[in-house]
Amino acid sequence: MSDESKYILQVKDLHTSFFTENGEVKAVNGISFNLEAGKTLGIVGESGSGKSVTAYSIMQILASAGKITGGEVLYKGEDITKWNEKKMEKFRGEKISIIFQDPMTSLNPVFTVGYQLVEAVLLHTDKTRKEAEARAIEMLTLVGVNEPESRVKQYPHELSGGMRQRVMIAMALCCEPDILIADEPTTALDVTIQAQILELMQELQKKLGMAIIMVTHDLGVIASMCDEIMVMYGGRVCERGVADDIFYRPAHSYTKGLLRSIPTASNMNEKLVPIGGTPINLLNMPEGCAFCPRCQDAMKICLTKKPDELRISDSHLASCWMNVKALYESQEGAEA
Ligand SMILES: Nc1ncnc2c1ncn2[C@@H]1O[C@H](COP(=O)(O)OP(=O)(O)OP(=O)(O)O)[C@@H](O)[C@H]1O
Ligand SMILES: [Mg+2]
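K.L.:
Got a sec to walk through the pattern of salt bridges? Specific residues and values, please.
P.N.:
Throughout the structure, instances matching the rule amount to 12 salt bridges. The partner of Lys87 in a salt bridge is Glu78, and the shortest N-O contact between them spans 3.5 Å. Classification of Glu78 by relative accessible area gives partly exposed; the value is 41%. Taking the shortest distance from any N to any O, the salt bridge between Lys325 and Glu329 comes out at 3.7 Å. Here Lys325 and its partner Glu329 are both found in helix H12 (residues 321–335), four residues apart, which amounts to about one turn of the helix. Here the residues in one salt-bridge network are Arg135, Glu138 and Glu176, joined through shared partners.

This is how it looks when you write it as structure tokens:
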């Protein structure tokens with residue numbers, strides 16, 4: 001197997017903008033990543049860092065002002081940004097699905113849960129109505145909805161938040177997609193239900209062999225379940241690596257700030273420190289590093305030149321001039 005063919009999804013230098021009355025909002029500015037079949041990628045970053053826009057760009061479900069302005073999204077090697085809406089419609093639901101933060105975004109309040117599940121199955125498979133009804137019950141059982149035979153007759157507002165989220169997962173998985181994008185799937189839920197839903201997603205991943213992109217602003221949520229974590233800021237990737245790289249060897253000032261601002265096992269007795277400053281203005285992206293105006297360690301070069309991604313280890317990459325400086329100094333030290 002060639003190195004590239006193990007990836008079910010590859011995003012290459014993706015750029016997405018919103019063309020608004022105030023100008024071009026550059027929400028995604030050159031994101032790249034590879035996703036292997038059956039693996040989980042976590043995307044983390046503060047509000048407005050471009051996580052959802054990245055997800056919506058892959059699905060091609062952007063608001064009308066939004067447009068992919070550059071880059072490629074390859075599904076099994078084929079660039080889906082070149083596909084027409086008809087082909088994309090078939091692709092969504094059959095091969096790739098999304099779970100939204102708010103279940104009411106994708107559940108229609110005027111139709112019963114059963115009707116919506118059955119319609120999704122009918123749309124994307126060649127099953128008969130009877131088979132689709134059986135599939136709906138089967139999926140609800142799979143995601144842990146009790147008494148599925150009576151649940152199918154209920155409307156979304158008759159279910160609890162946790163139940164609605166389970167129904168959404170059932171809906172996203174009813175056609176057994178290769179890729180599931182979960183955009184903050186548990187943020188609206190309390191901690192116990194949150195843990196149950198995440199566990200359920202992992203179980204289903206094992207059973208169905210799908211790849212997951214887990215989008216969240218909560219580092220804690222993804223620590224245990226991701227094969228790789230990508231940290232975003234200002235529509236760019238700051239750093240990527242396995243959980244140990246990100247939690248124990250953070251190599252970007254933004255990641256370090258993020259870790260100081262949330263409770264973790266290693267800072268339990270320390271005071272939490274929020275990241276100072278305000279998020280960047282995407283209408284006016286800085287020339288250099290996007291995080292520079294808020295970075296305590298910023299140097300002159302950070303203002304004017306965007307840092308390239310530097311490999312720190314086999315699994316770990318970061319885009320921060322501090323690493324270039326450290327590398328340079330260690331080489332100088334070795335030569336002296
Ligand atoms: N429809 C839109 N029109 C104009 N700008 C938009 C639109 N949708 C998103 N944006 C811009 O894109 C930026 C990134 O938004 P995105 O929703 O991807 O953030 P996010 O990382 O998902 O944040 P959150 O954690 O709050 O969900 C926003 O700051 C906003 O400025
Ligand atoms: Mg979002």
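Continuing now.
K.L.:
Give me helix H1 (residues 51–59): which residues, what numbers.
P.N.:
The element H1 is largely enclosed, with a buried count of seven among its nine residues. Among the residues of H1, Lys51, Val53, Thr54, Ala55, Ser57, Ile58 and Met59 are the ones counted as buried. Immediately beyond the C-terminal end of H1, within one or two residues, lies Gln60, with a positive phi of roughly 55°.

K.L.:
Which residues make up the sheet that holds strand S5 (residues 78–79), and what are the values?
P.N.:
With antiparallel pairing, four strands are arranged side by side in an open sheet as S2-S1-S4-S5. Pairing within the sheet leaves two strands with one partner each, and these edge strands are strand S2 (23–36) and S5. Where strand S1 (residues 7–20) and strand S4 (residues 66–75) come together, eight bridges link them in antiparallel fashion. Bridged to Gln10 within S4 is Leu74. Across the sheet, H1 lies against S1, S2 and S4, angled at about 110° from S1, the strand it touches most.

K.L.:
Describe the nonpolar core, with residues and values.
P.N.:
The biggest cluster of nonpolar side chains holds 97 residues, and the ones touching the most others in it are Leu9, Ile181 and Met214. With seven residues, helix H6 (residues 161–173) is the largest single contributor of residues to this core.

K.L.:
Could you give an account of the packing of aromatic side chains, with specific residues and numbers?
P.N.:
This model, assessed by the stated rule, comprises seven aromatic pairs. Ring centres of Phe111 and Tyr115 lie 4.7 Å apart, and the angle between their planes is 20°; on these two criteria the pair is classed as stacked. Judged by relative accessible area, Phe111 falls into the partly exposed class, the value being 34%. What makes Tyr115 partly exposed here is its relative accessible area of 38%. Here the aromatic rings of Tyr254 and Phe291 are separated by 5.3 Å at their centres, their planes lie at 65°, and the arrangement is edge-to-face. Here Tyr254, found in helix H10 (residues 253–261), pairs with Phe291, found in the loop between H10 and helix H11 (300–304); they are 37 residues apart in sequence, far enough to count as distant. Of the two residues examined, Tyr254 and Phe291, each falls in the buried class. Aromatic rings pair up to connect Tyr75, Trp83 and Phe91 into one cluster.

Quick notes on the rules
- Residues numbered from 1 in each chain as written.
- Chains lettered and ligands numbered in written order.
- Predicted model: local features only at pLDDT ≥ 70, side-chain atom pairs only at ≥ 80, totals over all residues.
- Heavy atoms only, no water.
- Salt bridge = Lys/Arg side-chain N within 4 Å of Asp/Glu carboxyl O.
- Buried < 20%, exposed > 50% of the residue type's maximum accessible area, 1.4 Å probe, protein only.
- Helix = DSSP H or I, 4+ residues; strand = E, 2+ residues; numbered from the N terminus.
- Pairing = 2+ DSSP bridges.
- Contact = heavy atoms within 4.5 Å.
- Axes fitted to C-alpha atoms, helices over the stretch in contact; angles between N-to-C directions.
- Core = buried A, V, L, I, M, F, W, Y, C linked by side-chain atoms within 4.5 Å.
- Phe/Tyr/Trp six-rings, centres within 6.5 Å; stacked < 30°, edge-to-face > 60°.

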